[in-house]
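Results of the structural survey
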Amino acid sequence: MTSQASALKLSSRMQQVSTSMTVAIAQRARVLQQQGRKIINMASGELDFDTPAAICAGAVEAIHAGATRYTNVAGLPALKEAVCRKLLTDNKLTYQPGEVIVGTGAKQLIFNAFLATIDPGDEVLIPAPYWVSYPDMVKIAGGTPVIVPATSNTDFKLTAESLKQHINGNTRWLILNSPGNPSGAVYSREEYQALAKALQQWPQVLILSDEIYEYLCWDREFISFAEAVPELFARTLTLNGVSKSYAMTGWRIGYAAGPQSLIDAMTTLQGQSTSNPSSVSQMAALTALNGDRDFLPQWCEILRHRREGAVARLQRSSCLHIAAPAGAFYLFVDCQKALNRATADGQQLQSDLQLASYLLEHAGVATVPGSAFGLPGHLRLTFSLADQDVFTACENIVSVLETLQ
Ligand SMILES: Cc1ncc(COP(=O)(O)O)c(C=O)c1O
């Protein structure tokens, strides 16, 4: 049998979807590693800690107890109840199990929410910098992503003025993400309330509050959007999961809580696509939500140390401007002063993408260009790797930037 290289005819939908901008850098990093170069990967989106042992033990026990079959589409009743308890205890939000769905990662739930609600012509407001997947998910669902700049002038947060300029009768969703990826920005109660005022005259707009980094919040208090603005509770989809807070990215469990009609529609879609999320992973998530979080203070301490060490080192470069993030585990660094300078071998680095490639080759550090998040002129550096790797990577970046003229 021979494999044919000729391209298949794909659906027109696929013309809307782009491959992640980070793939090229990741591929090049792999090639360099295969050639024996040490590459420090600051481009990943997950914690480097292991899933806590008690959670793994809960999953192993569940396997032996026979939790290996299909579950209810929207998730195990015990897990949905645990989610309701979590939302009540941590966020003062009262949801019934019927208003909760568990999915294969928070990602799948966002996808289901958009597929369930978006028609052609519908617009989704996405403050930039944004998590890379939001715009493509909107496009796949047939909607139009409307990118709303939220620059360092407003601490990478959407303001009511900016919201008013972009919202209109076609707006279906507003996406909010706090703590934010890539910026680490965390919204306050007052900031949410100001946005809520602007949303009040647009009753058709749903709010997706992506709170996946909730437990990784540094210098500011975390508040859930629906807690801050109870008047918008009925049109908010509160999204969270175990991926980031419990170092469980590979287990693929997220959850969402919101209006029953939306949760029902998302459940119908899930029933026709993936059925239920993995039964074993649900049992692991149940152990996580029912257990204590005694590992978190230590994790946060380690991450704080890395963050501070990284910021102190990067600040030595006059080409970079660093705002210390209030949450998550990324530094979103303004690198505009490093652009349009000549390298030692006579190249002109015109974009953050070119700078990221240059740093990969010459500093041995993989980063993600801000363009991938809708805000060019920046680099995202993940600091959830071994302390020494974080510090060495930052020193190497600064050394390479010093050679630019
Ligand atoms: C802001 C944000 N939302 C959602 C997700 C998806 O999380 P999950 O692993 O639960 O699908 C990510 C993952 O990187 C993220 O950064």
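Above this text you will find the structure in question.
Residue positions are given per chain, counting from 1 as you read along its sequence in written order. Residue-level local features of this predicted model are given only where pLDDT is at least 70; pairs of side-chain atoms are given and counted only at 80 or more, and the full residue set underlies all totals for whole chains, interfaces and linings. Side-chain numbers come from the whole structure's heavy atoms, not from hydrogens or water.

With mixed pairing, seven strands are arranged side by side in an open sheet as S2-S8-S7-S6-S5-S3-S4. The sheet is open, and its two borders are formed by strand S2 (100-103) and strand S4 (144-149), each paired with just one other strand. Across this sheet, the average inter-strand angle for adjacent strands is 20°, counted without regard to direction. When DSSP locates at least two bridges between a pair of strands, those strands are taken to pair. Secondary structure counts use DSSP, requiring at least four H or I residues in a row for a helix and at least two E residues in a row for a strand, with both numbered from the N terminus. With four bridges joining them, strand S7 (residues 236-241) and strand S8 (residues 254-257) adopt antiparallel strand pairing. Counterpart to Thr-238 in the pairing with S8 is Ala-257. In this analysis an axis means a line fitted to C-alpha atoms, helices contributing only their contacting stretch, and an angle means the value between N-to-C directions, from 0 to 180 degrees.

Now for the sheet that holds strand S9 (residues 321-322). The sheet built from four strands is open, its strands ordered S9-S10-S13-S12 with antiparallel pairing. This sheet does not close on itself; its edge strands, each paired only once, are S9 and strand S12 (368-369). Here five bridges tie strand S10 (residues 330-334) to strand S13 (residues 378-382), and the two strands are oriented antiparallel to one another. Across the sheet, the residue bridging to Val-333 is Leu-379, located in S13. In what follows, a contact means two residues having at least one pair of non-hydrogen atoms within 4.5 Å. Strands S9, S10 and S13 of the sheet are contacted by helix H11 (residues 296-314), whose axis makes an angle of about 15° with S10. In the packing of helix H12 (residues 352-363) onto the sheet, the strands contacted are S12 and S13, and the crossing angle to S13 comes to about 40°.

We count a salt bridge whenever a side-chain nitrogen from Lys or Arg sits within 4 Å of a carboxyl oxygen from Asp or Glu. Within the structure shown, the criterion is met by 14 salt bridges. The shortest N-O distance in the salt bridge between Glu-361 and Arg-28 comes to 2.5 Å. Of this pair, Glu-361 sits in helix H12 while Arg-28 is found in helix H1 (residues 22-34), placing the two residues 333 residues apart along the sequence. Among the ionic pairs, Glu-191 bridges to Arg-220, the shortest N-O distance being 4.0 Å.

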